[in-house]
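Notes for the structure review
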Amino acid sequence: MAEPLRRARALLLAGVAAAYLAAFASLYVQVPGLYGRDGILPARRVLRLSGKGLWEQLRDFPTLLWLGPSLGLDTELAMELLCLLGVLCSFGALLLEPLRDSLLFALLWVLYLSLYQVGQVFLYFQWDSLLLEAGFLAVLVAPLHLLSGGAPAWRPHDGVTFWLMRWLLFRLMFASGVVKLTSRCPTWWGLTALTYHYETQCIPTPAAWFAHQLPVWFQKLSVVATYVIEVAVPVLFFAPIRRLRLFSFYSQVLLQVLIILTGNYNFFNMLTIVLAFSLLDEEHVGRTTGRSKRKSTGSWPPSLGSFLSVLLELSTYSLLLYWSIQYFGMEINWEKRLLESKVAFTYHEFTTWLRAVTLPLVGLAFLSLSWEILAAMYRCACVRGCFWKLWATLQWVVFATAAMGVFAISLVPFTYIEQESHGKLWPGLHQAFGTVQRLQLVNSYGLFRRMTGVGGRPEVVLEGSYDGQSWTEIEFMYKPGNVSRAPPVVAPHQPRLDWQMWFAALGHHSSSPWFGSFVHRLLQGQEDVIRLLQVDESRYPFSARPPVYIRAQLYKYWFTSSTEGSHSWWRRQWVQEFFPTVSLGDPTLENLLHQHGLKDKTPSRRPLAAVLPRVLQWLRQLCRPVPGPTIIWSLYLVVATACLLRALRRQRRGGGPPTRHKGPRRGDPADRGGAEKNGHVRRREPQERGESRACGGTEGCGDGRGDGRHGTKRKK
C-alpha cells in the first residue's frame, strides 16, 4: 500500500490557499472601478430585488451578496467585504497549517462563488472556473479538525479525494492540448504558433521579447514539446510506477514555469503547478524538503519486480521519443545544422485517434480511481477496534461515493473534446451536470485554442481631447501602448480591464458592450475607473479635468527585432478607427448605453452611519494608492518571512532537520511519523516511549489505522 500523503496534501492545500489569496486581493483593488456604483458594469444591475424570499433568491442565484442590505452595505461594499474575508482566510490558511481545514476551504469557495456570480464578463475566465473547481476539491481533501478539536495528519480515505486533484489536472492539460488540433488553427498545425504567441498574448513579460527572437526551428520544436507534455504525458498521471508519475510532474512544472517567465497569466500557472502536487508521494516530498526518514538502499541483484519496473519505464520513454519523431517528422538537417519538424498526420487521422482513445482514457481513469478506493477500504479494514473500524468505514463510504459522483459528472465537460463520445454518456449524467453547472463544481477547459494576431497584434488605443482637434493618448499601466515602454511583470495580479481590452481588439466594439460604458465613465471623470488605468493619477493626462471628447483607434503591434538596433520594444501601425469620437450626451453613446441596459440612474450613496461601512471605506482609502501586484507580493512576503522565522526558531531550539538513521521497517506505524489514534495517524509526542504495533506486520497496515490502544515495549 502507498504511504500516507501528509506532506503532499499539506503542500497542495497551501498552494490552493496561495491561489485564493492572489485572486481575492487582485479583485479587491478593482471592485470599485469594475463593479462600483459608478463603475463600468455596476454589480447592482445583476442583483435586482424581485420580491422573493432570501432562500428563494439564494436558490436561484447563489451569492452571499443578498445579505448585504441586512448589514447596511450596498453591493459594492458587500463585494469588498467578501474580498477582504477571502484575503484574511486564505492568508491564515497559507500561514498556519492548522487552519487548512475543510470548513475554511468551504468558506473560501462560497466567497469566490458569490463574487463569480456577479462578476459578469470581467470574471468569466477559465482560471476563475479552475479555481472554483480546485477549491471545491480542496474541501474534500482538507482534514476536518476545527470542530473535532483534533489534528489528524492523515485519514485512510485521503488517497481517494487526493486522486480527484490528479483527475482535474489531467482534464485541464489533455483538453488544452487536444483543442489546439481540433480547432484546425493553421499555426498550431504548422508548428508556428509560438512565433506569434509571445508578442500576441495579452500581457507579455520582458522575457517574451527575448523568446520571440529565437529561431523558427526552435519555436517549432517547442510546439512539439508542448503537444507531448499536454497530450501524451498526462496519461502517465495514472501510471503505477512512481518514477513515471514524477517524470510527468516535472514535465508539467517545466511547461508552467516557462509560461510564467514569458507571460502574465495571474494565478493560473501557479494553480496548475499546485494541482501537479497530486502526482507526488510522501517519500519524494520528504526527500525534497530534507525530512525523509527512509534511508534509500539498493540491493544487487535487483528483484524481478524492480527489473520489470525499470524495463517498463525505459520502454515508456522510448515510445514517447519514437512517437514524437514519427508523428512530427523530426529529422536533423546537417547542412543547415538544425532540427526540422512538421506534423506528419492529417486532421482526419487525429480525430479518428481521438475518437478511439477518449472513452478508453475514461476507463483508465476509472480503474485508477477504483484502485484508490479499494486501497482505502483495505486501510479501513486494518483499523483496530470495532468502533473506530466502523467510523473509518463510514467515512470511506461517504468520500468514495462523493469521489465517484464528481468523477461521473466531470465526464460530461471532459467529453466535449469529442462529440461522439459525449453522446454515448448516460443521459442521467447530463442532467446531473446541468443541475450543478452554475456552482462551477466541474468545468470544461481548453486554453490557447486558436492563435490570434497572426498578421500583427491588434491593440485598442484610447485618445482624449478638449477641442476635438488635438488628441492625447491615454496610457494603461499594463497593456501595450507606448512603444518605448518595457512589458511589465504583474502576475499573479490580473488587471481584468486590460485583459478585456485585449479581447475587444479582436472584433468590433459592438461585440464588447461594456466598452461604451467604459468610455462614458472616462468622460464623466470617475476616479475609480481612472485608477484601473493608472493608480498614480499624475500619469493620467486628464487628471485635472475630464476630456470633452474620447475616441479609440485600432493599431497593429509587433515586437522589434534584435537586428533593428532600436531602443523600442514595439513597433506599430495604424489600422482603422475602433470607436467613433463621442462626448457626454452624444446620441451614438446614449443609444449604446440604452441598448445594453447600462444607462440607469445611479442610486444615491447611503450615509455611512454604521461601523462596518465606515471601516470598509477606511480600508479602501488605505489601499487606494497601492498597485495590485504590490499588495499581493507584500502578503506573500509576510508569509515567507513568518515561515523563515519559524524555521530559525526551531533550529535554535535544536529542532533542525533530523539526521539520517536506520529507521523502523516499512509498515511500522513509527515509519508513518507517529502513533495512531481513532483511525487517524497523529504525530508522536516527544514523551511517548512506546511504539504502536503494525496490523499483522503487513506493509500498509500502519496507514492511518488504530484504536487508541498502544502496545508498548521497553527499550533494552
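This text follows the structure it describes.
Residues numbered from 1 in each chain as written. Predicted model: local features only at pLDDT ≥ 70, side-chain atom pairs only at ≥ 80, totals over all residues. Heavy atoms only, no water.

The next point concerns the pattern of salt bridges. Counted according to the given criterion, the structure contains 22 salt bridges. For the salt bridge of Lys 479 with Glu 459, the shortest nitrogen-to-oxygen distance reads 3.0 Å. Of this pair, Lys 479 sits in the loop between β4 (472-474) and α20 (496-504) while Glu 459 sits in strand β3 (residues 457-465); the two residues are 20 residues apart in sequence, bridging distant segments of the chain. The salt bridge partner of Glu 537 is Arg 531, with a shortest N-O separation of 2.9 Å. Its relative accessible area of 28% is what places Glu 537 among the partly exposed residues. (Salt bridge = Lys/Arg side-chain N within 4 Å of Asp/Glu carboxyl O. Helix = DSSP H or I, 4+ residues; strand = E, 2+ residues; numbered from the N terminus. Buried < 20%, exposed > 50% of the residue type's maximum accessible area, 1.4 Å probe, protein only.)

If you roll a probe as big as a water molecule over the atoms, it shows you where there is empty space left. Scanning the model with the defined rule gives five cavities of 30 Å³ or more in all. As a volume, the largest cavity reaches approximately 240 Å³. As for the largest cavity, its lining consists of 20 residues, and the residues nearest its centre are Val 29, Gln 30, Arg 531, Leu 532 and Val 535. When contributions to the lining of the largest cavity are tallied by element, the ones reaching two or more residues are α2 (31-35), α20, α22 (527-533) and α24 (611-623). Per element, the largest residue contribution to the lining of the largest cavity is three residues, and it comes from α22. Classifying every residue of the lining of the largest cavity gives eleven nonpolar, four polar and five charged. (1 Å grid on protein atoms, 1.4 Å probe; cavity = no way out; pocket = protein on both sides within 12 Å on 5 of 7 lines; lining within 4 Å. Points joined across faces, edges and corners; volume = space filled by probe spheres on them. Nonpolar A, V, L, I, M, F, W, Y, C, P; charged D, E, K, R; others polar.)

Our next topic: unusual backbone geometry. Along the chain, Ala 491 connects to Pro 492 via a cis peptide bond; the corresponding omega equals 10 degrees. Relative to the helices and strands, Pro 492 resides in the loop between β4 and α20. Even without being glycine, Gln 120 reaches a positive phi, approximately 55 degrees. With respect to the element layout, Gln 120 can be found in the loop between α5 (102-118) and α6 (126-141). The exposure class of Gln 120 is buried, given its relative accessible area of 11%.

Turning our attention to the pairing of strand β5 (residues 549-559). Across the eleven residues of β5, eight count as buried, placing the element largely inside the fold. One ladder, built from nine bridges, connects β3 with β5; its direction is antiparallel. Bridging from a neighbouring strand, Ser 465 pairs with Tyr 549 of β5. Note that β5 and strand β6 (residues 570-582) share nine bridges and pair antiparallel. In the strand pairing of β6, Tyr 555 is matched with Trp 574. (Pairing = 2+ DSSP bridges.)

This part covers the pairing of β3. Taking burial as the measure, the nine residues of β3 include nine buried ones, the bulk of the element. Residues of β3 alternate between two faces, with Arg 457, Glu 459, Val 461, Glu 463 and Ser 465 on one and Pro 458, Val 460, Leu 462 and Gly 464 on the opposite face, all of them buried. Bridging between β3 and β4 involves three bridges; their strand directions are antiparallel. Bridging from a neighbouring strand, Leu 462 pairs with Ile 474 of β4. Hairpin connection of β3 to β4: six residues between the antiparallel strands, including Gly 468 at a positive phi of 80 degrees.

Turning our attention to the sheet that holds β4. Ordered in space as β4-β3-β5-β6, the four strands form an open sheet in which the pairing is antiparallel. What marks the edges here is a single partner per strand, and that holds for β4 and β6. Averaged over all neighbouring strand pairs, the angle between strand axes comes to 35 degrees, with direction disregarded. Taken strand by strand, helix α21 (residues 514-524) contacts β3, β5 and β6, and its axis lies near 80 degrees from that of β6. (Axes fitted to C-alpha atoms, helices over the stretch in contact; angles between N-to-C directions. Contact = heavy atoms within 4.5 Å.)

This next bit is on the environment of Trp 514. Within the secondary structure layout, Trp 514 lies in helix α21. Residue classification places Trp 514 among the buried positions, given a relative accessible area of 3%. Along the sequence, Trp 514 and Leu 593 sit 79 residues apart, while their C-alpha atoms lie 8.8 Å from each other. Once you skip the residues sitting within four places of it in the chain, Trp 514 turns out to touch Ile 40, Leu 41, Val 121, Phe 122, Leu 497, Gln 500, Met 501 and Ala 504.

This part covers the packing of helix α4 (residues 75-95) against helix α25 (residues 628-652). Direction vectors running N to C along α4 and α25 enclose 25 degrees, while the axes themselves pass 10 Å from each other. Judged by the inter-axis angle, α4 sits roughly parallel to α25. Classified by chirality, the crossing of α25 by α4 is right-handed. When α4 is examined against α25, the residues Val 87, Phe 91, Leu 94 and Leu 95 are found in contact with a partner set consisting of Leu 635, Tyr 636, Val 638, Val 639, Ala 642 and Arg 646. Residue composition of the contact of α4 with α25, by class: nine nonpolar, no polar and one charged. (Parallel < 35°, antiparallel > 145°, perpendicular 65-115°, else oblique. Left-handed = near helix turned anticlockwise from the far one by under 90°.)

Here we take up α21. Of all the eleven residues making up α21, ten are buried; the element is thus mostly covered by neighbouring parts of the structure. Buried within α21 we find Trp 514, Phe 515, Gly 516, Ser 517, Phe 518, Val 519, His 520, Arg 521, Leu 522 and Leu 523. Check the buried side of α21 and you find it contacts β3, α20, α22, β5, β6 and α23 (587-595). Just downstream of α21 lies Gly 525, where phi reads positive at about 75 degrees.

For any two aromatic rings, the description comes down to two numbers: the centre-to-centre distance and the angle of the planes. Going through the model one piece at a time under the given rule, you end up with 56 aromatic pairs. Connected via pairs of aromatic rings, a cluster forms that spans Trp 188, Trp 189, Tyr 227, Tyr 327, Phe 328, Phe 345, Tyr 347, Phe 350 and Trp 353. Taking the ring centre of Tyr 347 as reference, the NZ or CZ of Arg 184 above it sits at 3.8 Å. Between the NZ or CZ atom of Arg 572 and the centre of the ring of Tyr 555, over which it lies, the distance is 4.2 Å. (Phe/Tyr/Trp six-rings, centres within 6.5 Å; stacked < 30°, edge-to-face > 60°. Lys NZ or Arg CZ within 6 Å of the ring centre and 35° of its normal.)

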